[in-house]
Amino acid sequence: MNATGFPRLDSVRLGAELAEEVRELGLDACTLLDRALPVGRCAEVLSAKRLLGQVWDAAMAELGTAPAPDRLPGLTALLSRVRELESRVDDAKVADGVATMRRVRRALTRLHTSSTADEVLSRADEEACTIGFDRVLVSTVDDATWVLRKMVIEQDPRLAAEMLAAGREAPPRLDGSLVESDVVRQARAGLVYDVQENPRVNRQLVSMSGCTSYAIAPLRAYGKVVGLLHADSYYSPRREVDATDRAVLNLYAEGVSETLARVSVLEGLASLREGMTRLAADVRIAPPPEPGPPRHPLLSAREAEVIDLMARGDANRAIARKLSISEGTVKTHITHILRKLGAANRAEAVAYWLRN
């Protein structure tokens, strides 16, 4: 579809039956109007509409000259046929646009089965060739460098390999001098005309390709442009790409971007999971800490530690050192212990502790 929402007219072919009807109308008009009309080519929407428009204008011009009464039925019938065929040609145009959208959807559905970002980028060019292009280049953008990744030219695989080799040998810089710089900076699809004379293209690559126009669409992930799609139609048929091609390629690139973002997240989660697994395997499990003194309903945790050491035979000085407190604090804890346990002396307190 082009900027008006309709398919590209010069590439939409009519069915054989409809094309023949348009041609027959043109021949009948030549006879009735006694003038030459371009009836030789009317197999595409554009040429058919041009012929129908000329027939209409010629018939209306004759009606404006007050023709003989016996000619009026023929002219009226001719105008009616023109309007009926124009309606059918417009239907064919809309149907082609729907077919294009279906091809894009099918290509993206197939691409959606990819499980890694590398697989997405490796398949994106081949799938793009199913939506109306015959030469597609997939690139990544790495630190303002245009990195050629994969290219498909079904009619000339050798040329694709040579262009990739040339681009990888001297990766172009996206420093503002190339049209690709604008696409990356603005994150918007672009269209390049007069390629062989355009000063803002990579001269080596366009000389090798021989193209005269191409479309570019950005691949986005994580809020930035991470790659580019280049496409043209050089072989079947060879034609200039236009705003319709740019729109179709950009629509496809948006779908590729969504798939790329999805598999990148999944890859990141898988990598994180593997890293955690390796980390857990490398970490030695520490033995459980030795149990401390049992809790007591009357004594505080510190007092329980003190009497536990007393029961082990430690003197006040040893208890103070092990608990990192002063010897005077140890004596205070012992006083509280004796009072809380109702013990007359240290021996009675230890006996109570060991018994309970």
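Refer to the structure presented above.
The model shown is predicted, which means the values in this text are computed figures rather than measured ones. (Residues numbered from 1 in each chain as written. Predicted model: local features only at pLDDT ≥ 70, side-chain atom pairs only at ≥ 80, totals over all residues. Heavy atoms only, no water.)

(A) How the structure looks around the sheet that holds strand 3 (residues 190-192). The 5 strands are arranged 2-1-5-4-3 in an open sheet whose pairing can be described as antiparallel. Two strands in the sheet have a free side with no partner beyond their single neighbour: strand 2 (146-153) and strand 3. Each strand of the sheet is rotated relative to its neighbour by a mean of 20°, with strand direction disregarded. Set on the sheet, helix 4 (residues 117-128) makes contact with strand 1 (135-141), strand 2 and strand 4 (214-221); between it and strand 2 the angle comes to about 45°. (Pairing = 2+ DSSP bridges. Helix = DSSP H or I, 4+ residues; strand = E, 2+ residues; numbered from the N terminus. Axes fitted to C-alpha atoms, helices over the stretch in contact; angles between N-to-C directions. Contact = heavy atoms within 4.5 Å.)

(B) Geometry of the pattern of salt bridges. Inspection of the entire model under this criterion finds 21 salt bridges. As a salt-bridge pair, R302 and E305 come within 2.9 Å of each other at their nearest N and O atoms. Placement of both R302 and E305 in helix 9 (residues 301-311) is noted, with a separation of 3 residues, approximately one turn of the helix. Look at R302 and you get partly exposed, because its relative accessible area is 30%. (Salt bridge = Lys/Arg side-chain N within 4 Å of Asp/Glu carboxyl O. Buried < 20%, exposed > 50% of the residue type's maximum accessible area, 1.4 Å probe, protein only.)

(C) Seen up close, the packing of helix 11 (residues 327-341) against helix 12 (residues 346-355). Orientation of helix 11 relative to helix 12, taken along the N-to-C sense of each, is 65°, at an axis distance of 10 Å. For helix 11 against helix 12, the interelement crossing comes out left-handed. Facing helix 11, whose interface residues are I334, I337, L338 and L341, helix 12 presents R346, A349 and Y352. Partitioning the contact of helix 11 with helix 12 into residue classes produces 6 nonpolar, no polar and 1 charged. (Left-handed = near helix turned anticlockwise from the far one by under 90°. Nonpolar A, V, L, I, M, F, W, Y, C, P; charged D, E, K, R; others polar.)

(D) Layout of the packing of aromatic side chains. Counted under the stated rule, the structure contains 1 aromatic pair. Here Y234 and Y235 contribute two aromatic rings whose centre-to-centre distance is 5.0 Å and whose plane-to-plane angle is 80°, an arrangement assigned as edge-to-face. Relative accessible area serves as the criterion here: at 18%, Y234 is assigned to the buried category. Since its relative accessible area comes to 29%, Y235 is described here as partly exposed. (Phe/Tyr/Trp six-rings, centres within 6.5 Å; stacked < 30°, edge-to-face > 60°.)

(E) Seen up close, the nonpolar core. Within the largest apolar cluster, 31 residues are counted, with the highest numbers of intra-cluster contacts made by Y252 and V256. Not counting residues within four places of it along the chain, the set of residues in contact with Y252 comprises V104, A107, L108, L111, A124, E127, A128, I131 and L229. Residues I153, L159, V201 and L205 belong to the second largest nonpolar core, which totals 25 residues. (Core = buried A, V, L, I, M, F, W, Y, C linked by side-chain atoms within 4.5 Å.)

(F) Structural view of helix 1 (residues 16-33). Here helix 1 is 18 residues long and its end C-alpha atoms lie 26 Å apart, about the 26 Å a rise of 1.5 Å per residue gives. Of the positions making up helix 1, those classed as buried are L18, A19, V22, L25, G26, A29, C30 and L33. Down the axis of helix 1, the buried side of the element spans an arc of 140°, and every buried residue falls inside it. More than 90 degrees from the buried face of helix 1, the exposed residues found are A16, E17 and T31. A positive backbone phi angle near 55° is found at D34, which sits one or two residues after helix 1. (Expected span 1.5 Å × (residues − 1). Arc of directions from axis to C-beta.)

(G) Inspection of helix 9 at higher detail. Looking only at helix 9, the buried set comprises E303, A304, V306, I307, D308, L309 and M310. On its buried face, helix 9 sits against helix 10 (316-323), helix 11 and helix 12. Backbone geometry just downstream of helix 9 places G313 in the positive-phi region, at approximately 95°.

(H) Broad picture of the side chain of N202. Along the chain, N202 turns up in the loop between strand 3 and helix 7 (203-209). Within the structure, N202 has its side chain in polar contact with the backbone nitrogen of L205 (distance 3.0 Å). In contact with N202, not counting residues within four places along its chain, are W146, P172 and L178. (Polar contact = N/O pair within 3.5 Å; in protein donor to acceptor, adjacent residues only side chain to side chain.)

(I) A look at the packing of helix 9 against helix 11. The N-to-C vectors of helix 9 and helix 11 enclose an angle of 95°; their axes lie 10 Å apart at closest approach. When the axes of helix 9 and helix 11 are compared, the pair comes out roughly perpendicular. Only H333, I334, H336, I337, K340 and L341 of helix 11 make contact with helix 9, whose side of the interface consists of R302, E303, V306, I307 and M310. Residues that form the contact of helix 9 with helix 11 fall into these classes: 6 nonpolar, 2 polar and 3 charged. (Parallel < 35°, antiparallel > 145°, perpendicular 65-115°, else oblique.)

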